[in-house]
Amino acid sequence: MLTAELSRTALKLSPAERLELARQLVENVAQSQPSLKALNEGVRRIEDVATGKVAGLTEEQYRAAVR
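Residues numbered from 1 in each chain as written. Predicted model: local features only at pLDDT ≥ 70, side-chain atom pairs only at ≥ 80, totals over all residues. Heavy atoms only, no water.

**Topic: the overall build of the chain**
Part 1 of the argument: Scanning the chain from N- to C-terminus turns up 4 helices and 0 strands.
Part 2 of the argument: Reading the chain from its N terminus to its C terminus gives the helix and strand order α-α-α-α.
Part 3 of the argument: The globule rule puts the C-alpha radius of gyration for 67 residues at 11 Å, and the 15 Å found for the chain is more than 25% above it.
Part 4 of the argument: Along the longest, intermediate and shortest principal axes, the C-alpha atoms of the chain span 45 × 30 × 20 Å.
Part 5 of the argument: Per-residue burial over the chain gives 9% buried out of 67 residues.
Part 6 of the argument: In the chain, 10 positive and 9 negative side-chain charges are present, and the distance between their average locations comes to 3 Å. (Helix = DSSP H or I, 4+ residues; strand = E, 2+ residues; numbered from the N terminus. Rg over C-alpha atoms; globule rule 2.2 N^0.38 Å. Buried < 20%, exposed > 50% of the residue type's maximum accessible area, 1.4 Å probe, protein only. Lys, Arg positive; Asp, Glu negative; His and termini not counted. Charge placed at Lys NZ, Arg CZ, Asp CG, Glu CD.)

This is how it looks when you write it as structure tokens:
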């Protein structure tokens, strides 16, 4: 299957299924345990925002925070 075809198919999945697929892909390419822990934390945080558990920042809030 070509990458474009895989992408089209993956985008038809539900949000929960896409998050699980993303988690599996990231875990598959992570090489070291520290990297895997950091990636898992990043995925968890993305899930928290995607599911509404945590409110994300607006662009303005983000820019103010990094100044």
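More follows now that the structure is in view.
**Overview of the side chain of E47**
Part 1 of the argument: Tracing the backbone through its elements, the reader meets E47 in helix α3 (residues 33-50).
Part 2 of the argument: For E47, a relative accessible area of 16% corresponds to the buried category.
Part 3 of the argument: Here the side chain of E47 touches R23 through a polar contact of 2.6 Å, side chain to side chain.
Part 4 of the argument: When neighbours within four sequence positions are excluded, E47 is seen to be in contact with L19 and R23. (Polar contact = N/O pair within 3.5 Å; in protein donor to acceptor, adjacent residues only side chain to side chain. Contact = heavy atoms within 4.5 Å.)

**Quick look at the side chain of D48**
Part 1 of the argument: Turning to its location among the elements, D48 is positioned in helix α3.
Part 2 of the argument: There is a polar contact of 2.7 Å between the side chain of D48 and the side chain of R44.

**Details of the environment of K12**
Part 1 of the argument: Summarising the element assignment, K12 is placed in the loop between α1 (3-11) and α2 (15-29).
Part 2 of the argument: Taking the C-alpha atoms as reference points, K12 and I46, 34 residues apart in sequence, are found 19 Å from one another.

**Observations regarding the pattern of salt bridges**
Part 1 of the argument: Under the defined criterion, the tally for this structure stands at 6 salt bridges.
Part 2 of the argument: The shortest N-O distance in the salt bridge between R23 and E20 comes to 3.1 Å. Placement of both R23 and E20 in helix α2 is noted, with a separation of 3 residues, approximately one turn of the helix.
Part 3 of the argument: The salt bridge partner of E47 is R23, with a shortest N-O separation of 2.6 Å. Within this pair, whereas E47 is found in helix α3, its partner R23 is found in helix α2, the two being separated by 24 residues in sequence.
Part 4 of the argument: Through salt bridges with shared partners, a single network forms among E41, R44, R45 and D48. (Salt bridge = Lys/Arg side-chain N within 4 Å of Asp/Glu carboxyl O.)

These figures capture arrangement, not role.
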